[in-house]
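This is what each chain is made of:
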Amino acid sequence: MHYNNILVEENEAIATVTIDRPNKLNALNRETIQELHDAFKALESKKEVKVIILTGSGEKAFVAGADISEFADFSEKEGGKLAAKGQKLLFDFVENLSKPVVAAVNGFALGGGLELAMACHFRIASDNARMGLPEVSLGVIPGYGGTQRLPQLIGKGRAMELIMTAGMIDAGNALSYGLVNHVVSLENLLPFCEDLAGKIAKNSPVAISHAIKAVNTGFKNTDGYSAEIKAFGQCFGTADFKEGTTAFLNKRKAKFPGK
Ligand code: COA
């Protein structure tokens, strides 16, 4: 299959999916989300593929978020739809894939980028990685599952702080929070993930798929995700959102009117 925004490589039991928009720090535009969905779906149906590694192209970013230029002029209704569609096509899809997906976080994982890494089954970071959910600095909230998965992974208080400050944590902090399982050098990131994937690939794929389902079932409370989609959409009707996204696209600091 030909893709415009991602690369897919298969090496025996291990497939590597690379988001390949380095000039836009691998930001997730609509087409990339659809291509990722198609690629994961195709890899899931290939018996020989046992583990998938997801990473970003270049040395700077895993994914710097959803593509702000695509949604800056959306209405409330379009905002809600954006979150609902993205969650279904990609974030929930990856989380519930029957094959393990390991995020190799090779730089910035912000907004939708961190949300994507969190939808993967676990995360390995390079030592230059920086993670955060900066959405409130744009006048919006995380809409791809971030308000749900971040507290699951690092606890409610830390998640609240990270979301409210729109701040970033470095790889060392992410490790101490349990957001990532290991931190390695950038150069060693993919070899390290491949080594782990090789260990996983030796085990029963059927048992692993059952384990994924069982672990995920313990965290299923779809009300939280629906509340997130509703609130995300509502943000698009605010003057703060218009100011936040316009300021980003014009490369200036936002001055929020607070309404
Ligand atoms: N959506 C759209 N474009 C994005 C983007 C995003 N989420 N993140 C980065 N880009 C683009 C920039 O607009 C820039 O494009 P240009 O060269 O055509 O102007 C390019 O990627 C490089 O980014 P730049 O901001 O110049 O790099 P930097 O090193 O100065 O800063 C970041 C890096 C990650 C701190 C900064 O890009 C950033 O804050 N990105 C947005 C993060 C965010 O808010 N994500 C949540 C979205 S909901």
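Criteria and cut-off values
- Residues numbered from 1 in each chain as written.
- Predicted model: local features only at pLDDT ≥ 70, side-chain atom pairs only at ≥ 80, totals over all residues.
- Heavy atoms only, no water.
- Disulfide = S-S within 2.5 Å.
- Near = heavy atom within 4 Å.
- Polar contact = N/O pair within 3.5 Å; in protein donor to acceptor, adjacent residues only side chain to side chain.
- Areas by Shrake-Rupley, 256 points an atom, 1.4 Å probe, with all protein chains shown as cover.
- 1 Å grid on protein atoms, 1.4 Å probe; cavity = no way out; pocket = protein on both sides within 12 Å on 5 of 7 lines; lining within 4 Å.
- Sits in = over half its atoms within 2 Å of the grid points.
- Buried < 20%, exposed > 50% of the residue type's maximum accessible area, 1.4 Å probe, protein only.
- Helix = DSSP H or I, 4+ residues; strand = E, 2+ residues; numbered from the N terminus.
- Contact = heavy atoms within 4.5 Å.
- Pairing = 2+ DSSP bridges.
- Axes fitted to C-alpha atoms, helices over the stretch in contact; angles between N-to-C directions.
- Left-handed = near helix turned anticlockwise from the far one by under 90°.
- Nonpolar A, V, L, I, M, F, W, Y, C, P; charged D, E, K, R; others polar.

### A look at the state of the cysteines
At step 1: Scanning all chains against the criterion turns up zero disulfides.
At step 2: Note on C193: no disulfide assigned, nearest cysteine sulfur contributed by C120 at a separation of 10 Å.

### Points about the site of the ligand
At step 1: For the ligand, the set of nearby residues contains 18 residues, the closest of which are K24, K60, A66, I68 and K251.
At step 2: Within the side chain of K24, an N or O atom sits 2.5 Å from an oxygen atom of the ligand.
At step 3: Between K60 and the ligand, the recorded distance is 2.6 Å, taken from a side-chain N or O atom to an oxygen atom.
At step 4: Isolated, the ligand exposes 860 Å² of accessible area, and the fraction of that covered by the protein chains is 70%.
At step 5: In this structure, the ligand is accommodated by the largest pocket.

### Focus on helix 11 (residues 239-249)
At step 1: Taken as a whole, helix 11 has its buried residues at D240, F241, E243, G244, T245 and A247.
At step 2: For helix 11, the elements touching its buried residues are helix 2 (68-71) and helix 10 (222-235).
At step 3: The first or second residue beyond helix 11 is K251, which carries a positive phi of 55°.

### Some points on the sheet that holds strand 4 (residues 61-63)
At step 1: The four strands are arranged 4-6-8-9 in an open sheet whose pairing can be described as mixed. Since the sheet does not close on itself, it has two edges, and those belong to strand 4 and strand 9 (169-170), each with one partner.
At step 2: As defined by bridge partners, strand 6 (residues 108-110) adjoins strand 8 (residues 130-132) across three bridges and the pair is classed as parallel. From the neighbouring strand, L110 faces strand 8, where its bridge partner is G132.
At step 3: The strands touched by helix 4 (residues 112-119) within the sheet are strand 4, strand 6 and strand 8, with strand 6 carrying the most contacts at an inclination of about 95°.

### Considerations on the packing of helix 3 (residues 76-95) against helix 10
At step 1: At a minimum axis distance of 7 Å, the contact between helix 3 and helix 10 shows a crossing angle of 145°. Considering only the axes of helix 3 and helix 10, their crossing is right-handed. The segment helix 3 lies against helix 10, with E76, G79, G80, L82, A83, A84, Q87 and E95 engaging Y225, E228, I229, F232, G233 and Q234.
At step 2: A breakdown of the residues in the contact of helix 3 with helix 10 according to their chemical character gives six nonpolar, five polar and three charged.

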